[in-house]
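Residue-level listing of the chains:
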Amino acid sequence: MQSWWMQMTDSSTRLELRDSPVPSAGAGQLLVRLHAAALNRGEFLLAHGLHGQPGSWKAIGGEGAGEVVGVAADVAGFRPGDRVMGRCPAAFSEYALMEAAEAIAVPASLTWEQAASIPLAFLVAFDMLVLQGRLKAGEWLLVNGVSSGVGVASLQLGKALGANIIGTSGSADKLAALAPLGLDVALRTRAADFAPAVMAATAQHGADVIVNTVGGSVFAEDVRVLAFEGRLATVGYVDGAMNAEIDLGALHAKRLTLFGVSNKLRSTAQRAAAVPRFVAEVVPLIASGRIQPRIDRVVDFARLADAKARMDENAHVGKIVLRMPLAS
């Protein structure tokens with residue numbers, strides 16, 4: 001089979017398409033012939049610590065959708081031919097292993113490309129908004145970097161939960177593209193200068209939940225604009241700012257909750273724990289069309305470098321998806 005590998009150094013990234021043996025399903029796993037896989041910025045950022053030592057090679061990709069072709073003896077509930085989507089390592093490959101506990105049946109209404117764009121972004125959004133953020137109907141949700149894959153998923157899930165959505169982006173075109181998805185207040189900015197506009201939009205209430213996909217450069221502004229008992233999720237740092245000051249007075253007086261969202265140190269069981277609730281609460285919204293995955297573009301498997309370049313240029317709105325050679 002063919003699979004994409006990546007080598008990262010302190011100053012460059014190298015991609016290489018390799019012939020690799022088809023893996024075999026181990027305990028608790030499915031072997032999936034992938035039809036599509038989605039890009040995620042974290043897998044291309046050395047600062048996210050996903051690649052070991054600089055200079056080492058690693059098979060890349062983190063989520064995909066495809067057809068089950070092998071099932072471990074200890075796995076129940078799946079059989080060859082099933083359409084599944086889920087998080088899986090080395091997803092930029094023709095075949096990949098997926099933990100059965102994290103595999104999700106693909107609704108019949110979805111294309112392979114739509115299915116591949118769902119697992120990471122929407123599971124992360126579910127973690128931030130529901131499991132940890134406790135977002136309620138009528139509350140205000142602020143999404144920094146709203147045009148990213150996680151940003152768009154947070155916008156869509158937040159709107160489905162009945163929240164009012166504020167989004168920031170440096171591009172007026174991107175904000176306009178997201179208006180039909182339910183973006184209530186669009187703030188064109190990449191700087192930490194949005195507090196006055198947020199407070200004005202919310203009648204001085206502030207944001208009840210904030211999703212920070214940007215990083216440390218906007219962290220202090222996020223704390224400044226949080227409402228009483230507000231919750232701040234940090235899920236990315238594409239700005240490269242890994243440190244930020246915390247206003248302890250605001251943290252204390254406003255009874256704030258600050259939390260991070262990452263799968264880096266979680267076990268398989270910890271990652272899979274949210275899947276049943278996600279399947280019960282979010283997948284029906286997707287299957288019915290109430291939430292429609294926002295795909296920026298679909299790129300042929302061999303053109304991963306072009307897809308990565310578009311992501312590096314911050315030109316995308318939503319997810320960029322690779323179409324596998326065997327897709328139908």
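This structure is a prediction, so every number in the text was calculated from the model and none was measured. (Residues numbered from 1 in each chain as written. Predicted model: local features only at pLDDT ≥ 70, side-chain atom pairs only at ≥ 80, totals over all residues. Heavy atoms only, no water.)

Colleague: Before we go on, may I ask you to explain the layout of surface pockets in this structure?
Modeller: Unoccupied space between atoms shows up once a probe the size of one water molecule is rolled over them. Of the pockets and cavities examined, the second largest pocket occupies roughly 220 Å³. Looking at the second largest pocket, it is lined by 16 residues, and the ones nearest its centre are Gly216, Phe219, Thr234, Met242 and Ala244. Of all the secondary-structure elements, those providing two or more residues to the lining of the second largest pocket are strand 13 (226–234) and strand 14 (257–260). Here the element with the most residues in the lining of the second largest pocket is strand 14; it accounts for three residues. (1 Å grid on protein atoms, 1.4 Å probe; cavity = no way out; pocket = protein on both sides within 12 Å on 5 of 7 lines; lining within 4 Å. Points joined across faces, edges and corners; volume = space filled by probe spheres on them. Helix = DSSP H or I, 4+ residues; strand = E, 2+ residues; numbered from the N terminus.)

Colleague: Looking at this model, I keep getting lost on helix 11 (residues 304–312). Mind explaining?
Modeller: For an α-helix, 3.6 residues make a turn, and residues three or four places apart therefore share a direction. All buried positions along helix 11 are accounted for by Leu304, Ala307, Lys308, Arg310 and Met311. Seen from one end, helix 11 has its buried residues packed into an arc of 155°, which puts them on one side. Along its buried surface, helix 11 packs onto strand 1 (2–8), strand 2 (13–19), strand 15 (295–300) and strand 16 (319–323). Looking one or two residues past helix 11, asparagine 314 carries a phi angle of roughly 55°, positive in sign. (Buried < 20%, exposed > 50% of the residue type's maximum accessible area, 1.4 Å probe, protein only. Arc of directions from axis to C-beta. Contact = heavy atoms within 4.5 Å.)

Colleague: I keep staring at empty space enclosed by the protein and nothing clicks. Help me out?
Modeller: Counted according to the given criterion, the structure contains two cavities of 30 Å³ or more. Estimated volume of the largest cavity: approximately 100 Å³. Of all the secondary structure elements, the ones that give two or more residues to the lining of the largest cavity are helix 2 (119–132) and helix 8 (268–272). Considering each element in turn, the lining of the largest cavity owes the most residues, four residues, to helix 2. When its residues are assigned to classes, the lining of the largest cavity shows five nonpolar, three polar and four charged. (Nonpolar A, V, L, I, M, F, W, Y, C, P; charged D, E, K, R; others polar.)

Colleague: Teacher, can you tell me more about the sheet that holds strand 14 here?
Modeller: Two orientations exist for strands paired in a sheet by backbone hydrogen bonds: parallel and antiparallel. Read from one edge to the other, the open sheet built from six strands follows the order 11-10-9-12-13-14, with strand pairing classed as parallel. Edge strands, defined here as strands with exactly one partner in the open sheet, are strand 11 (185–188) and strand 14. Neighbour-to-neighbour, the strand axes of the sheet open up by a mean angle of 15°, direction not taken into account. The pairing of strand 10 (residues 164–169) with strand 11 spans four bridges and is parallel. (Pairing = 2+ DSSP bridges. Axes fitted to C-alpha atoms, helices over the stretch in contact; angles between N-to-C directions.)

Colleague: Would you mind going over helix 3 (residues 149–160) with me for this structure?
Modeller: Compared with an ideal rise of 1.5 Å per residue, which puts twelve residues at 16 Å, helix 3 spans 17 Å between its outermost C-alpha atoms and is within 8% of the ideal. Burial runs high along helix 3: eleven of the twelve residues are buried. Looking at helix 3, one finds that the buried residues are Gly149, Val150, Gly151, Val152, Ala153, Ser154, Leu155, Gln156, Leu157, Gly158 and Ala160. After helix 3 finishes, the residue glycine 162 shows a positive phi value of roughly 95°. (Expected span 1.5 Å × (residues − 1).)

Colleague: When you look at the sheet that holds strand 1 in this model, what are you seeing that I'm missing?
Modeller: Spatially, 2-1-4 is the arrangement adopted by the three strands of the open sheet, whose pairing is antiparallel. Where the open sheet ends on each side, the last strands, each with one partner, are strand 2 and strand 4 (57–59). Between one strand and the next, the sheet's axes are offset by a mean angle of 30°, whatever the strand orientation. Pairing analysis gives three bridges linking strand 1 to strand 4, with the strands arranged antiparallel. For methionine 6, the partnering residue across the bridge sits in strand 4 and is lysine 58.

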